[in-house]
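Residue-level listing of the chains:
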Amino acid sequence: MEQDTKPRLSAAYWRLWWAAGINNVGNGAFTAAVPLLAVTLTHDPRLVSVVSAATYLPWLLLSLPAGALVDRYDRAALMWRAQAVQAVIAGVVAVLAASGHIGIPVLAITSFALGTCEIVVANAAQAILPDIVPRPLLHQANGYQQTITLIGQQFAGAPIGGLLFAVAVALPFAMDAATFALSAVLLATLPRRPLRRIEHPPLRAAIADGLRWLARHRLLRTLAVLLSVNTFCGQLGNATLVLLATQTLRLDVPGYGLLLAGAAVGGLLGGLVGARAVQRVGALPALLTALGTNVVVFVGIGLSPNAVVLGGLLAVNGFVTMLWNVVTVGLRQQIVPSDLLGRVNSVYKMLGWGLIPLGALAGGLVAYTFGLRAPYPVAGVLRGVALAVAMPVLVGAMRKHPWR
């Protein structure tokens, strides 16, 4: 009797998957509750956007050294320790919220601290996958990871966060602390990566290696720059989404949580079929479809006449964003050498996510100056221009190397 030699996802991968699902339920509750808490403290879109900017500012300031640490130390250990610190921070937020001693500055500082830990977790989680997943299954594994992240964060966590916030302000933050702690326990059981006993270069030199590698790779460099523009524009629109939903479209607190959950439906479908779509049509058509659809969707969000249309467009946005993630994360994991993956990922994400804080602040200013509907159409037009500029390089590079 012949043995089945088909590669399978390991038990270690599924523990990583469960950890991602658990901590993202808490993250979703936190993500839904933070803007709701901010709105109870101020109705100024500029101040609301400051809290959003603080969450992503670490990607601009700390991503590079975090990537060097991921390549230098055991990735599983870094992940569980960072999640344990996040559990403590979220617990502090819960206590402050329950006692009524929290304001916009404290909310921004704690969001920054959680974002700092998230850099380590996110970089290590992507870098560890090639160590525990067979190469032919990377697209599938990434799709499953993206899917459980969205299910946990938006499909489950967001509505739970809205409902818990309506019961008591501190509850969603306490829930986040508990899920971080449970995730840390799971991550502590992952196999340790056998690190070679070599003399590591100074941190600055290690970071420079990642910078040089990405700068010399035309396709990944182009994707990183394009991601930078897209995430800037994404946050330009999303920073004041809570105000668009609650003030312009008159949604209540639980309704806002359900709106975020509706957006997750599209992401869920994208995660489930994304890898299959890439295998069927190829990376380039999948990528261009995602980018082009995103432009149209963002313009439409700003023109939404009601919450149902807004939720539908957010769902489409979730689907195509997931498709982009499945393609681009898989490409990096296939192309970049394992010993450089943490550093190259950190440079890629610094470029890709570093402008998110500026996008959030820009969104607050646009909303304050031109109205709450204005940020999304502005972001959509900017995304269209960026896609048109990047198209020749993107098509040429992807045709030369038709990865699937």
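Caption draft 1: Representation of the overall build of the chain in the model. For the chain, the count of helices and strands is 16 helices and zero strands. Since a compact globule built from 404 residues should have a radius of gyration of about 22 Å, the 20 Å found for the chain is in line with a globular shape. With the C-alpha coordinates aligned to their principal axes, the bounding extent of the chain is approximately 60 × 50 × 45 Å. Looking at the chain as a whole, 56% of its 404 residues are labelled buried. In the chain, once contacts between residues fewer than 6 apart in sequence are set aside, the share between residues at least 24 apart is 90%. Total accessible area computed for the chain in this model is approximately 16700 Å², and 68% of it derives from carbon and sulfur atoms.

Caption draft 2: Examining the nonpolar core more closely. In this structure, Tyr13, Leu16, Val133, Phe173, Leu223, Leu241 and Trp324 are the most contacted members of the largest nonpolar core, which totals 117 residues. If we ignore the near neighbours within four places in the chain, the residues touching leucine 223 are Leu287, Trp324, Thr328, Leu331, Tyr348 and Leu394.

Caption draft 3: Up close: the packing of helix α13 (residues 307–335) against helix α14 (residues 338–353). Closest axis-to-axis distance for the α13/α14 pair is 10 Å, and the angle between their directions is 140 degrees. Relative to α14, the element α13 lies oblique. Considering how the two elements wind past one another, α13 and α14 form a crossing that is right-handed. Contacts between α13 and α14 pair Trp324, Thr328, Arg332 and Gln333 from the former with Leu341, Asn345, Tyr348 and Lys349 from the latter. For the contact of α13 with α14, the per-class residue count stands at three nonpolar, three polar and two charged.

Caption draft 4: Spatial organisation of the side chain of serine 183. Along the polypeptide, serine 183 turns up in helix α7 (residues 171–187). Beyond its immediate sequence surroundings of up to four residues, serine 183 is in contact with Ala19, Ile22, Asn23 and Gln83.

Caption draft 5: Quick look at the pattern of salt bridges. For the coordinates displayed, the defined rule picks out three salt bridges. Across the pair aspartate 131 and arginine 75 runs a salt bridge whose closest N-O atoms are separated by 3.2 Å. Highlighted residues: aspartate 131 in helix α5 (residues 104–132) and arginine 75 in helix α4 (residues 75–99), separated in sequence by 56 residues. On the basis of relative accessibility, which here comes to 37%, the residue aspartate 131 falls in the partly exposed class. The buried category is assigned to arginine 75, whose relative accessible area is 1%.

Caption draft 6: Summary view of a nonpolar patch on the surface. Nonpolar side chains collect at one region of the surface, where Leu47, Val50, Leu358 and Leu361 lie side by side and expose about 280 Å² of accessible area between them. Among the elements of the structure, α2 (45–61) and α15 (356–370) are those that each provide at least two residues to the nonpolar patch. Tracing the backbone shows leucine 47 in helix α2.

Caption draft 7: Expanded view of unusual backbone geometry. Although it is not a glycine, arginine 250 adopts a positive phi angle of roughly 60 degrees. Mapped onto the fold, arginine 250 is located in the loop between α10 (241–248) and α11 (253–281).

Caption draft 8: Representation of the packing of α5 against α13 in the model. In contact at an axis separation of 10 Å, α5 and α13 are set at 60 degrees when each is read in the N-to-C sense. With respect to each other, α5 and α13 are oriented oblique. The two elements α5 and α13 cross, and the hand of that crossing is right-handed. On α13, the residues touching Gln126, Leu129 and Pro130 of α5 are Val329, Arg332 and Gln333.

Caption draft 9: Broad picture of the confidence of the model for the chain. This prediction gives the chain a mean pLDDT of 83; 93% of its residues lie at or above 70. Looking over the chain, one finds the lowest element-wise mean pLDDT in α11, namely 74, and the highest in α7, namely 93.

Caption draft 10: Main features of the side chain of threonine 231. Looking at the secondary structure, you find threonine 231 in helix α9 (residues 218–238). We classify threonine 231 as buried; its relative accessible area is 14%. Side-chain polar atoms of threonine 231 contact the backbone oxygen of serine 228, separated by 3.2 Å. The contacts of threonine 231, once residues within four sequence positions are left out, are Gly352, Trp353, Ile356 and Arg383.

Caption draft 11: Quick look at α10. Most of α10 is tucked away: six of the eight residues are buried. For α10, the set of buried residues is Leu241, Val242, Leu243, Leu244, Ala245 and Thr246.

Caption draft 12: Spatial organisation of the packing of aromatic side chains. Counted by the stated rule, this structure contains six aromatic pairs. With a centroid separation of 5.3 Å and 85 degrees between ring planes, the pair formed by phenylalanine 30 and phenylalanine 173 is classed as edge-to-face. Of the two residues, phenylalanine 30 sits in helix α1 (residues 11–41) while phenylalanine 173 sits in helix α7, which places them 143 residues apart along the sequence. Across the pair, phenylalanine 173 and phenylalanine 30 agree in class, each one buried. One residue, arginine 332, lies across the ring of tyrosine 348, its end atom 4.0 Å from the ring centre.

Scoring rules and cut-offs
- Throughout, a residue's number is its position along its own chain's written sequence, starting from 1.
- Only residues with pLDDT of 70 or above have their local features reported here, since the model is predicted, and side-chain atom pairs are shown and tallied only from 80 upward, although totals for entire chains, interfaces and linings are computed over all residues.
- With hydrogens and water excluded, all non-hydrogen atoms of the structure serve as input to the side-chain values.
- Helix and strand labels come from DSSP, where a helix needs a run of H or I of at least four residues and a strand needs a run of E of at least two; each type is numbered from the N terminus.
- Radius of gyration: over C-alpha atoms. The globule rule applied is 2.2 Å multiplied by the number of residues raised to the 0.38 power.
- Relative accessibility thresholds used throughout: buried, under 20% of the residue-type maximum; exposed, over 50%; partly exposed, between the two (1.4 Å probe, protein chains only).
- In what follows, residue pairs with any heavy atoms lying within 4.5 Å of each other are defined as contacts.
- Here, Shrake-Rupley sampling with a 1.4 Å probe gives the accessible areas, and only protein chains in the shown set may cover a residue.
- Among buried residues, those of type Ala, Val, Leu, Ile, Met, Phe, Trp, Tyr and Cys that are joined through side-chain atoms within 4.5 Å constitute a nonpolar core.
- Geometry is summarised by axes, namely lines fitted to C-alpha atoms with helices restricted to the contacting stretch, and by angles between N-to-C directions that run from 0 to 180 degrees.
- Roughly parallel covers angles under 35 degrees, roughly antiparallel covers those over 145, roughly perpendicular covers 65 to 115, and oblique covers all other angles.
- Each crossing gets its hand from how the near helix is turned against the far one by less than a right angle, where anticlockwise is left-handed and clockwise is right-handed.
- Throughout this entry, Asp, Glu, Lys and Arg are counted as charged residues, while Ala, Val, Leu, Ile, Met, Phe, Trp, Tyr, Cys and Pro are counted as nonpolar. The remaining residues, Gly among them, count as polar.
- Should a side-chain nitrogen of Lys or Arg be within 4 Å of a carboxyl oxygen of Asp or Glu, the pair is scored as a salt bridge.
- Like-charged residues are merged into a patch within 9 Å and nonpolar side chains (Val, Leu, Ile, Met, Phe, Trp, Tyr) within 5 Å, provided each residue has over 30% relative accessible area and no salt bridge.
- As a per-residue quantity, pLDDT reports the predictor's confidence and falls between 0 and 100.
- We define a polar contact as two N or O atoms separated by no more than 3.5 Å, with the added condition that, inside protein, one atom must be a possible hydrogen donor and the other a possible acceptor, whereas residues neighbouring each other in sequence contribute only through side-chain atom pairs.
- Ring pairs are drawn from Phe, Tyr and Trp, using the six-membered ring of Trp, whenever the two centres fall within 6.5 Å, and their geometry is named by plane angle: stacked under 30 degrees, edge-to-face over 60, tilted for the rest.
- Here, over-ring charges are defined by two tests on the NZ atom of lysine or the CZ atom of arginine: distance to the ring centre within 6 Å, and angle to the ring normal within 35 degrees.

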